[in-house]
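Given next are the chains, with one letter for each unit.
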Amino acid sequence: MLFSLSRRDCLSRFLKASVGVWGMGSGMSHAQDMSVLGRVQDMTDARLRQFDEMIAPYVVRQPVKQGGITLSLPMLADNGHLVPLSLKVDSPMTEESHVTHIYVISQRNPVPLMAMFVLGPWNGRAELSMRVRLSGTQMVVVLARMSDGTFRYETQEVVVTEAACIDNG
Amino acid sequence: MTTARLQLPARIVEGDVFKLRLLVQHPMDSGFLRDLEGVLVKRNVIRHLQCIFHDKEVFRVEPTTGTSANPLFEFYLRATKSGELYFRWVDDKGYIGELRQKLVIEPANQSKAPKP
């Protein structure tokens, strides 16, 4: 980790310096290049959030426990622009006991919440599928709020080789 | 202009829990990407999408920039009686997209009748 950070630091400094020397003649386009580079750097260096920090906006002093959710994501996603995600919450989905909300949260994306779903007993099954964007290798958290006010969560690590948010894709 | 497509099972019997697949055509611009000229593309994502059936909201999703372009949502519904599924979504530009789909649900007793 320490090594990779210092390596990245070196590389970015070298890149900026070389762009500086190379772009002396054409001031305007070089300034634009620099801003793009800066932006790319910001995105890839985005801090990994702590778990508590990720669920804090949705949970206020209610009990939270792990389990009861089947989350399926690819272990390795080649393209962060489109990562299939499907989840299933173990719930009878009756009037008395059902899932009310499902939050799909990212650890590294600039906007942590990727989607929020509202469900009810009329759905019959608490099972969903969607496609998400991931900005780099990270943990994905699915948080489900049950009708009795308790929360459940499940996490999975995803390795992303090409992050969303950084290219002109 | 956005359009959407909905996929339903061929035959739905009352009491069944059936799967719906909704594909919405939308760029979902995150506001972080630049176009080929280096200009930042303004954020334009679907703010919320709801499914209304018999005047009741049966499914609702609030996507953000973390949802991929041309979002695909799969969810389930419990079949009650025939009616019209109405999907409605609003994006950052204020565009309101709509999709109406007739839903024919066969009564349960009819399906249980022995074949002649």
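Residues numbered from 1 in each chain as written. Chains lettered and ligands numbered in written order. Predicted model: local features only at pLDDT ≥ 70, side-chain atom pairs only at ≥ 80, totals over all residues.

## Details of the overall build of chain A
Helix and strand content of chain A: three helices and nine strands. Reading chain A from its N terminus to its C terminus gives the helix and strand order α-α-α-β-β-β-β-β-β-β-β-β. Within chain A, the fraction of its 169 residues that count as buried is 30%. Once local pairs closer than 6 in sequence are excluded, the contacts in chain A between residues at least 24 apart make up 65%. (Helix = DSSP H or I, 4+ residues; strand = E, 2+ residues; numbered from the N terminus. Buried ≥ 20, exposed ≤ 12 C-beta atoms within 10 Å, placed from the backbone. Contact = placed C-beta atoms within 7 Å.)

## What to know about the overall build of chain B
If you tally the helices and strands in chain B, you get one helix and seven strands. If you list the helices and strands of chain B from N to C, you get β-β-β-β-β-β-β-α. A compact globule built from 116 residues should have a C-alpha radius of gyration of about 13 Å, whereas chain B, at 18 Å, is more than 25% larger. Along the first, second and third principal axes, the C-alpha set of chain B runs to 70 × 25 × 20 Å. Residues counted as buried form 24% of the 116 residues belonging to chain B. Of the contacts made within chain B by residues no fewer than 6 positions apart, 54% connect residues no fewer than 24 positions apart. (Rg over C-alpha atoms; globule rule 2.2 N^0.38 Å.)

## Focus: unusual backbone geometry
Residues and elements named next belong to chain B. A positive phi angle, close to 55°, is found at H54, a residue other than glycine. Looking at the secondary structure, you find H54 in the loop between strand 3 (46-53) and strand 4 (56-63). The exposure class assigned to H54 is partly exposed, which follows from the 14 C-beta atoms found within 10 Å. One non-glycine residue, N70, lies in the positive phi region at around 50°. Examined against the element boundaries, N70 turns out to sit in the loop between strand 4 and strand 5 (72-78). Judged by C-beta crowding, with 15 C-beta atoms within 10 Å, N70 ranks as partly exposed.

## Describing the interface of chain A and chain B
Taken residue by residue, the interface counts 28 residues in chain A and 27 residues in chain B. When grouped by side-chain class, the residues that make up the side of chain A that touches chain B number 16 nonpolar, eight polar and four charged. Examined bridge by bridge, strand 6 (residues 113-118) of chain A and strand 4 of chain B share four bridges and lie antiparallel to one another. Paired with V118 of chain A across the strands is R60 of chain B, a residue of strand 4 of chain B. (Nonpolar A, V, L, I, M, F, W, Y, C, P; charged D, E, K, R; others polar. Pairing = 2+ DSSP bridges.)

## Looking at the environment of V104 of chain B
Residue and element names in this part refer to chain B. Structurally, the position occupied by V104 is in the loop between strand 7 (96-103) and helix 1 (108-112). Looking at V104, the number of C-beta atoms within 10 Å reads 10, which means it is exposed. Sequence-wise, V104 and A79 are 25 residues apart; in three dimensions their C-alpha atoms are separated by 9.5 Å.

## Focus: the confidence of the model for chain B
Scored by pLDDT, chain B comes out at a mean of 90, with 92% of its residues at no less than 70. As a predicted assembly, this complex carries a pTM of 0.80 together with an ipTM value of 0.88. (pLDDT = per-residue confidence, 0-100.)

## Thoughts on the nonpolar core
Ranked by size, the top nonpolar core spans 50 residues in total, and within it I102, V104, I105, L134 and V142 of chain A carry the most contacts. Non-local contacts of V104 of chain A, meaning those with residues more than four positions away in its chain, are made with L85, M114, A115, V132 and V142 of chain A. (Core = buried A, V, L, I, M, F, W, Y, C linked by C-beta atoms within 7 Å.)

## Details of the pairing of strand 4 (residues 83-89) of chain A
Residue and element names in this part refer to chain A. Alternating residues of strand 4 divide into V83, L85, L87 and V89, all buried, and P84, S86 and K88, none buried. The pairing of strand 2 (residues 69-72) with strand 4 spans four bridges and is classified as antiparallel. Directly across from T70, in strand 4, lies its bridge partner K88. The pairing of strand 4 with strand 7 (residues 127-132) spans six bridges and is antiparallel.

## Some points on the environment of L143 of chain A
Residue and element names in this part refer to chain A. Among the secondary structure elements, L143 is positioned in strand 8 (residues 138-146). Classification of L143 as buried rests on a count of 22 C-beta atoms within 10 Å. With residues up to four places along the chain from it excluded, the contact list for L143 reads I55, Y58, Y103, I105, F151 and Y153.

## Let's talk about the confidence of the model for chain A
Residues and elements named next belong to chain A. Looking at chain A, the pLDDT average stands at 80 and 70% of residues meet or exceed 70. The low-confidence segment residues 1-5 (pLDDT under 50) makes zero contacts with residues lying over four places distant or belonging to another chain. In the model, residues 17-34 has pLDDT below 50 throughout and makes six contacts with residues more than four positions away in sequence or in other chains.

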